[in-house]
Amino acid sequence: FSAQRAAAKFMKKNHRGGAAHGEIYITMTMQRYAGLMLAALLPIAAQASETLSPQEKRMRLREGVAQIEQKNAGAAIQTFQTLLPQYGVIEEYLRYFLAQAYVGDAKYQEALAELEQIRRAFPTSPICDDAQWLAANALMKLQRPADALAEYQALASRATTIAQGDLLYGIGQVAMQAGN
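Treat the numbers as computed from the prediction; the structure is a model and nothing was measured.

Definitions and cut-offs
Residues numbered from 1 in each chain as written. Predicted model: local features only at pLDDT ≥ 70, side-chain atom pairs only at ≥ 80, totals over all residues. Heavy atoms only, no water. Salt bridge = Lys/Arg side-chain N within 4 Å of Asp/Glu carboxyl O. Helix = DSSP H or I, 4+ residues; strand = E, 2+ residues; numbered from the N terminus. Buried < 20%, exposed > 50% of the residue type's maximum accessible area, 1.4 Å probe, protein only. Phe/Tyr/Trp six-rings, centres within 6.5 Å; stacked < 30°, edge-to-face > 60°.

## Considerations on the pattern of salt bridges
Think of it this way: side chains of opposite charge can pair up when their charged atoms draw near. The full count for this structure, using the stated rule, is six salt bridges. Measuring nitrogen to oxygen at the nearest pair gives 2.8 Å for the salt bridge that ties Asp129 to Arg158. Note that Asp129 is positioned in helix H7 (residues 128-141) and Arg158 in the loop between helix H8 (145-156) and helix H9 (164-178), a separation of 29 residues in sequence. Note on Arg158: relative accessible area 35%, which makes it partly exposed. Between Asp147 and Arg144 there is a salt bridge, with its nearest N and O atoms 2.9 Å apart. Asp147 sits in the partly exposed class, given a relative accessible area of 35%. In the salt-bridge network here, residues are joined through shared partners; they are Glu91, Arg95 and Glu114.

Dropping the structure here:
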């Protein structure tokens with residue numbers, strides 16, 4: 001994606017951490033997983049027998065991602081809740097986007113429930129690292145730094161898709177919140 005390359009270039013040039021960095025990371029992650037989901041939908045489109053047509057599903061998926069990027073979390077929650085029963089093949093990705101929408105709407109407990117379901121039902125999914133990262137960030141918003149630290153440390157202790165700098169930044173945020 002050209003948007004991904006532009007965001008990566010911006011991050012290299014302007015990396016200081018903080019909210020802007022997190023927003024760029026989330027946007028890049030959403031674009032990457034939206035592309036993977038759309039690619040997964042093409043082969044199964046002919047087999048779909050749900051109430052929405054394959055074209056309608058793809059359109060709604062794009063709408064949901066756009067709603068998250070536009071910070072319209074309430075609409076995104078509704079979109080992904082509608083899509084979730086429609087797909088079995090990409091359920092973990094839909095749940096991840098739903099969790100992102102919950103975080104955007106400050107519904108952290110709901111986000112954590114979706115993220116835990118991803119980790120339990122799809123432990124080998126490529127989205128699991130991102131789900132754990134999002135869970136750690138939601139735990140910080142809930143003022144649960146000890147739980148967030150455990151998530152950040154688990155990610156830092158293994159090979160992961162999350163950048164090491166992002167993990168260290170998260171661990172630093174925990175230390176700052178704890179007053180250390």
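## Describing unusual backbone geometry
Apart from glycine, the bulk of residues carry a negative phi angle, and the bulk of peptide bonds sit in the trans form. With a phi close to 60°, Lys71 is a non-glycine residue in the positive phi region. In this structure, Lys71 sits in the loop between helix H3 (54-69) and helix H4 (73-83). The backbone of Ala106 sits at a positive phi, close to 60°, despite the residue not being glycine. Tracing the backbone through its elements, the reader meets Ala106 in the loop between helix H5 (91-104) and helix H6 (108-121). Overall, Ala106 belongs to the partly exposed group, its relative accessible area being 48%.

## Quick notes on the packing of aromatic side chains
Within the structure shown, the criterion is met by three aromatic pairs. Ring plane angle 20° and centroid distance 5.4 Å describe the contact between Phe80 and Phe97, whose orientation is recorded as stacked. On the criterion of sequence distance, the pair formed by Phe80 in helix H4 and Phe97 in helix H5 is long-range, its members being 17 residues apart. Phe80 sits in the buried class, given a relative accessible area of 0%. For Phe97, a relative accessible area of 0% corresponds to the buried category. Members of the aromatic cluster, connected to one another through ring pairs, are Phe80, Tyr96 and Phe97.

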